[in-house]
Amino acid sequence: MTQPARSLVVCLAACLATWLADAAHFADSRLFAEGPSPDQDGRPIAELDRDTPIDYARDIVPFLKRSCLACHFEQDPEGDLNLETHSGLLAGGFGGPGIVPGEPDESSVWLRASGHEDPVMPPEDNVLDAEPLSPRELALLKRWIEQGAEGGDTTSGGIDWTPLPESVRPVYSVAISPDSKWVARARGNRVSLFDLRSGERVVNLVDPELASNRGEDLTDVDLIQAVAFSPLGDRIATGGFRSVKLWRRVHQRLGPADSPLARSVGPVASDPTGKTWAWIDAIGNVESWDADNDQPPRIVARPKSRPVGLALSTGGKRLVLADADGNVAVWDLKTDSAAARLATETSLVGLAASNDATKIAAIRTDGSVALWSWSRPNAPIEPQRSNESDESDADESDANESETGDAAPTELTRLSVGTIDAIDSATAIRFLPGDPTTLAVAHDGGRIDRFSLPGGEPASALDHGAKVLAIAVDADGKRIATAGEDGVTRIWNLADGAPLETLQGDPADGLMTTSLERDLARQSARVERLNERTGEINAAIEVEEKSVAEAEAAREKAAEDVAEKEQQREAAANKVAATESEIEKARREAEQARERIEKRKQEIAEAEKAIEASEAAIANAQQAESKLKGQLEADRKSLDEKAKEKEASEKQLGEREQTLETATDRLRRVASRLPEHEATIRAASRRTERSESRLDRHRSRRGTPAGLVVGLAFSPDGRRITSRHRDGTARIYRAGETTAAQVIRPPHEATAEPLGVAFGPGDTVCLFDRNSPASVWEVDPRWQLERTIGSPQDSPISDRTTAIDFRPDGLAIAVGSGPPSRSGQVLIFATDDGRLLRDFGAIHGDTVFGLRFSPDGTALASSAADKTVRLTDVASGEAKRTLEGHTHHVLSLAWNDDLESIASAAADQTVKVWDVETGGQRRTIGGFPKEVTAIRFVGASDRIVSACGDGQVRLHDADNGKLIRTLQVSPDFLFAVDVTPDGKTLVTGGQTGELHVWDLEEGKRIHETN
């Protein structure tokens, strides 16, 4: 299906909606008589049997749009007649009023549509194939005019949207999230998100208003032709009819009614299974709650001093408390009474307990570690052997106590552990769940030791490399996580101390770092290329200077030749003049001789001898004259030749002067490029410095106090880990991934002091603070509709949204639209509040299909059905360049990361690569059997992938046009394609509605999703 065919499907859907509305409205009445009857001297008109008023928006606008608006629209109304609005319809054009309410015979639109006035509209055999109004439509138009031609907003009557048939489910757009974890698929009027690795559907984007009104999980009422992720992946934009919807990923916060953990203020503790919980309430009471039953939380203790640390045994039978005064107590949660307590006479800042809570460790304010153990009265203190033995012993102890009644609290007995008393810089402690006699201690210097109790030497140590602020151990005691003052979180294998993973942190932080690094690399490469071009420009200047010197030398030589030829010409002219003078002299002498002959004839008798002498003189004179005439012809011929030679020399001199002028002008132009080029280098260098500075500042923020970790926790099943930070945020990582899958960002509270984090029941996470209520959040975020820009009734967007792109900084979004065959529209909106920032107007003559910000966000490229690509300056709104060369709709385009080239794909079955600076074509890639519908550059390389109507995706080298690989993806039309930022994975979709995911490097299919 071609792009025009796509538009046809959409139009048919709209027409079908209008037809269904008509059918419902007139179900109880007969609209027409048996058949149309010809009106006098015009087109046939149906006899309308209808008493209800004719509705302008529902009954008149559809056929005006079909048959008239292609020529009579607002931007370029033919005959000054604009039929796009009700007011324009009434006003008319050069032919007079279009509609005169109540008077069809005075309304030029009616007269020409019905054939009663020339020229008949639409004309027969018109180039746009516009159909004349049917007899029914003419009857509706006439009756509407007779009823007063009331109207107004064409959407005042609303649009009766008809549900799309299940068969209409093409994929017109796909988008991969910047972190390469998700892919959004626009199929029909629904957008779904899928896990890119597994292909599993994650969520559908559902407009709650449509779900409420229609009872369907719809994203939009119309076919969705554009979808895009924001640069940080926290927003998705989807295009509809005259609208754009912005969806935001948010975590749902639960209240006390949904999670009792939200009642806590201060530390929160759970047993390793995550079933039993304990916390401190707003007045310092200690509450306990079993997540497996329906009972509400209960108060188990009312300490005199506010607890500062909590720990629960496995199974939740015992609770260890440490308060602000340095008191330590062990509570039996079966009896809600203290089993043991001890006054330490020192403040404690950290608390840990073994699985059965019989061994307790605490960090004093001076950084030393204190250890205690306890047992029933008179029972020996023995090391715990295993997790199972811990519980059996504890159960036996509980049974004995229950038989004899409540046992009196026992004093905690201090363990003697040798060298552990020498620790003076502990920052975090944890007992290992799988080995309750082993304590992990993190030191100020970044080392993590393991001590076997009692009295054991430290086992092999881990070196984090910086002061450790928090540690966590998974439920089976095989992995330990450490977070340091360097802002880095590491996961280690406890068995051999091998590092397993380094968590990169907030994915937004990682994406920002990647973006800044790419900006810096791009700017550095640009400066390097510009510097290389400086040498090329200097070399060109040298060549042009040499050309000017050669031209000057040639001109001088030509001038010398002209002077020499002029001397030769003057000499020949002088010689001709001398010969002519001699001839004149000979002529005079001959004349004198003839006079003497006449005189001698009179004296013949006396002067016969003189006559003979004179005749001889005459003969001699004639002979001399003849000889001189020959010489004269030769001299004249020589003069002509010299004149021609002079003319040739003068022509050559003119050519040399022109050559010199051209070379001088060329030199001037080339030389003038140097200052401009040097200015460009300086500007690019400044941008590079700014990019480097931004990157340095961003990197430095990783280790700032606001971003440091204050707490770590593994989920009970060990499949996730979460970190809590001083800025209040929490990052949740999935096993095997080094960037956070989710980041929870609670609203900032000035009084909140983050303490830690814990995975709660029901797939939640609890963020607890000092002196502030805890917040409980669903782990998996929801995509919620944040706002809708425009609507079918009122919108700056003129038609269907056919192209969307976020600016690289995510602050703005560009939208492409335009009614087919009339205009192509580009607008920019603010992402945060939907404000219209810039309206470029109808910068194209037809619908916009492709829209892309440049990688640095300074320029916007758009492509349209008018066969052109246009480059526009975002800041000024000025058109920079128009790229012409395609012979059919330009359906898609892509920027190369180097900012120097753009690739475009078109329905003329070609891909073109353009030079951004000159606007010239670098290369045309052919060989496509059908329309090329979508195109992307692969990462920061010169390779491009394109989707084609033959169901194939092709990988080309844009630099030389070489075909690298062909993927037979689908048996039918493909409309959309996207590539992960690393260029390894490709996603595409088309007419069949399936989502195809491929390994682009190997050329292998990963999975397909229906």
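Residues numbered from 1 in each chain as written. Predicted model: local features only at pLDDT ≥ 70, side-chain atom pairs only at ≥ 80, totals over all residues. Heavy atoms only, no water.

Novice: Hey, could you run me through the overall build of the chain in this one?
Specialist: Scanning the chain from terminus to terminus reveals 9 helices and 59 strands. Sequence separation of 24 or more characterises 52% of the internal contacts of the chain that already satisfy a separation of 6 or more. With the model as given, the accessible surface of the chain reaches about 46,300 Å², and the carbon-plus-sulfur share is 47%. (Helix = DSSP H or I, 4+ residues; strand = E, 2+ residues; numbered from the N terminus. Contact = heavy atoms within 4.5 Å. Areas by Shrake-Rupley, 256 points an atom, 1.4 Å probe, with all protein chains shown as cover.)

Novice: How do you make sense of the nonpolar core when you look at a structure like this?
Specialist: Within soluble globular proteins, side chains that are nonpolar tend to cluster in buried spots. The biggest cluster of nonpolar side chains holds 27 residues, and the ones touching the most others in it are I60, L83, L89, I99, W110, L141 and W144. Elements supplying a minimum of two residues to this core: helix 2 (56–67), helix 4 (108–113) and helix 5 (135–146). It is helix 5 that contributes the most residues to this core, 6 residues altogether. With sequence-adjacent residues up to four places away left out, I60 is seen in contact with I54, D55, L140, L141 and W144. The next biggest cluster of nonpolar side chains, apart from the first, holds 17 residues, and it includes A311, L342, L348 and I360. (Core = buried A, V, L, I, M, F, W, Y, C linked by side-chain atoms within 4.5 Å. Buried < 20%, exposed > 50% of the residue type's maximum accessible area, 1.4 Å probe, protein only.)

Novice: It is not clear to me how the environment of S347 should be interpreted in this structure. Could you clarify?
Specialist: As for its position among the elements, S347 is in the loop between strand 18 (337–343) and strand 19 (348–353). Residues S347 and G326, spaced 21 residues apart in sequence, show a C-alpha to C-alpha distance of 4.6 Å. Residues contacting S347, with those up to four places away along its chain left out, are A324, I363, R364 and T365.

Novice: When you look at the sheet that holds strand 58 (residues 995–999) in this model, what are you seeing that I'm missing?
Specialist: Sheet strands pair by backbone hydrogen bonding; their relative direction is either parallel or antiparallel. What the 4 strands build is an open sheet, ordered 56-57-58-59; its pairing is antiparallel. Strand pairing shows two members of the sheet lacking a second neighbour, strand 56 (974–979) and strand 59 (1004–1009), which therefore form its edges. Sheet twist, expressed as the mean angle between neighbouring strand axes with direction ignored, is 20°. (Pairing = 2+ DSSP bridges. Axes fitted to C-alpha atoms, helices over the stretch in contact; angles between N-to-C directions.)

Novice: Whenever I open this one, the packing of aromatic side chains confuses me. Can you help?
Specialist: One pass over the structure, following the stated rule, counts 5 aromatic pairs. Consider the rings of Y56 and W144, whose centres lie 5.4 Å apart with planes at 20°: the pair is stacked. Taken together, the residues Y56 in helix 2 and W144 in helix 5 connect sequence positions 88 residues apart. The residues Y56 and W144 share a single accessibility class, namely buried. Aromatic pair F229 and W783: ring centres 6.4 Å apart, planes at 75°, arrangement edge-to-face. Of this pair, F229 sits in strand 7 (residues 227–229) while W783 sits in strand 39 (residues 782–789), placing them 554 residues apart in sequence. Each of the two residues, F229 as well as W783, counts as buried. (Phe/Tyr/Trp six-rings, centres within 6.5 Å; stacked < 30°, edge-to-face > 60°.)

Novice: How do you make sense of the environment of K651 when you look at a structure like this?
Specialist: Residue position: K651 is located in helix 9 (residues 604–701). Sequence separation between K651 and V562 is 89 residues; the distance between their C-alpha atoms is 9.7 Å.

Novice: Help me out: how do you make sense of a negative patch on the surface in this one?
Specialist: A cluster of like negative charges, contributed by D366, D424, D444 and E485, occupies part of the molecular surface. Here D444 shows up in the loop between strand 25 (435–443) and strand 26 (447–452). (Patch = residues over 30% accessible without salt bridge, like charges linked within 9 Å, V, L, I, M, F, W, Y side chains within 5 Å. Salt bridge = Lys/Arg side-chain N within 4 Å of Asp/Glu carboxyl O. Lys, Arg positive; Asp, Glu negative; His and termini not counted. Charge placed at Lys NZ, Arg CZ, Asp CG, Glu CD.)

Novice: What should I look at first to understand the confidence of the model for the chain in this one?
Specialist: Here the chain averages 82 in pLDDT, and 85% of its residues register 70 or above. In the model, residues 153–157 has pLDDT below 50 throughout and makes 11 contacts with residues more than four positions away in sequence or in other chains. Predicted confidence for residues 377–407 stays below pLDDT 50, and this span has 42 contacts to residues more than four positions away or in other chains. (pLDDT = per-residue confidence, 0-100.)

Novice: What is the right way to read the pairing of strand 44 (residues 848–853) from this model?
Specialist: A regular strand places its side chains so that they alternate between the two faces of the sheet. Judged by how many residues are buried, strand 44 sits mostly within the fold: 5 of 6 residues are covered. In terms of strand pairing, strand 44 meets strand 45 (residues 859–864) through 5 bridges, oriented antiparallel. Paired with G850 across the two strands is S863, which belongs to strand 45. Linking strand 44 back to strand 45 in an antiparallel pair, the connection comprises 5 residues, with G857 at a positive phi of about 75°.

Novice: Looking at this structure, how should I read the pattern of salt bridges?
Specialist: Pairs may arise between side chains of opposite charge once their charged atoms sit close together. Applying the stated criterion across every chain, the model contains 33 salt bridges. Two residues, D763 and R720, come together in a salt bridge whose shortest N-O distance is 2.4 Å. Separated by 43 residues along the polypeptide, D763 in the loop between strand 36 (753–760) and strand 37 (764–770) and R720 in strand 33 (residues 720–725) bring together distant segments of the chain. Judged by its relative accessible area of 34%, D763 is partly exposed. Judged by relative accessible area, R720 falls into the buried class, the value being 19%. Several salt bridges converge on common partners, so that one network encompasses K181, D195, R197, R734 and E737.

Novice: Mind showing me how you'd approach the side chain of N355 here?
Specialist: Here N355 is to be found in the loop between strand 19 and strand 20 (359–364). Exposure remark for N355: the relative accessible area of 8% places this residue in the buried category. Polar contacts involving the side chain of N355 include one to the main-chain carbonyl oxygen of P433, which spans 2.7 Å. (Polar contact = N/O pair within 3.5 Å; in protein donor to acceptor, adjacent residues only side chain to side chain.)

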